[in-house]
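Reading the structure
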Amino acid sequence: MAPKGPYKLCTVNTAPERAKRLVGRVVLDVKEEYTILHVENAERIEDVKAMCERNKPDVLFCASMWTKEESDEIQRIAKETVPGIKTMAIPQGLQVEKGPDAIVEFLKEKWPGLVEA
């Protein structure tokens, strides 16, 4: 069966290389089931609206360095800018506490329920 998608993904992460690396691992791991295109990363909350306007992503991830309040704000901006966008915040501190493998596993576990809901 052909993979579902493609899904355009934007990320909000103050460490863009880490975002690219971790999302790249997820993309490879799920490529049989889903086609995910990581189109852009924003490093600042102020850049989220413009990024969403440019790319009209299907999905947006907030990285684990953001507080709950910051993640909520990022997701609010994305939803106001792109109706129907699916958003998800990685739990604050997950990268620091459990490392990059935990982030990859979290994203792979949550992805189907997010995009197929």
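Note that this is a predicted model, so its numbers are computed, not measured.

1. Section: the side chain of Thr87
- Inspection of the secondary structure puts Thr87 in strand β4 (residues 86-89).
- Separated by 2.8 Å, the side chains of Thr87 and Gln75 make a polar contact.
- In this structure Thr87 touches Leu60, Gln75, Ala78, Lys79 and Leu114, once residues within four positions along its chain are discounted.

2. Focus: the packing of helix α2 (residues 48-55) against helix α3 (residues 68-81)
- In contact at an axis separation of 9 Å, α2 and α3 are set at 35° when each is read in the N-to-C sense. The handedness of the crossing between α2 and α3 is right-handed. Of the residues in α3, those in contact with Val48, Lys49, Cys52 and Glu53 of α2 are Ile74, Ile77, Ala78 and Thr81.
- Its residues assigned to classes, the contact of α2 with α3 comprises five nonpolar, one polar and two charged.

3. Focus on helix α1 (residues 16-29)
- With 14 residues, α1 should reach 20 Å at 1.5 Å per residue; the first-to-last C-alpha distance of 20 Å fits that figure.
- Of all the positions in α1, only Ala19, Leu22, Val23 and Val26 are classed as buried. Seen along its axis, α1 keeps its buried residues to an arc of 95°; they face one direction. Turned more than 90 degrees off the buried face of α1, the exposed positions are Glu17, Lys20, Arg21 and Leu28.

4. Overview of the environment of Leu37
- Position of Leu37 among the secondary structure elements: in strand β2 (residues 34-42).
- When the C-alpha atoms of Leu37 and Leu9 are compared, they prove to be 5.8 Å apart, with 28 residues separating the residues in sequence.
- Leu37 has contacts with Pro6, Tyr7, Lys8 and Leu9, leaving out every residue within four places of it along the chain.

Parameters and conventions
- Residues numbered from 1 in each chain as written.
- Predicted model: local features only at pLDDT ≥ 70, side-chain atom pairs only at ≥ 80, totals over all residues.
- Heavy atoms only, no water.
- Helix = DSSP H or I, 4+ residues; strand = E, 2+ residues; numbered from the N terminus.
- Polar contact = N/O pair within 3.5 Å; in protein donor to acceptor, adjacent residues only side chain to side chain.
- Contact = heavy atoms within 4.5 Å.
- Axes fitted to C-alpha atoms, helices over the stretch in contact; angles between N-to-C directions.
- Left-handed = near helix turned anticlockwise from the far one by under 90°.
- Nonpolar A, V, L, I, M, F, W, Y, C, P; charged D, E, K, R; others polar.
- Expected span 1.5 Å × (residues − 1).
- Buried < 20%, exposed > 50% of the residue type's maximum accessible area, 1.4 Å probe, protein only.
- Arc of directions from axis to C-beta.

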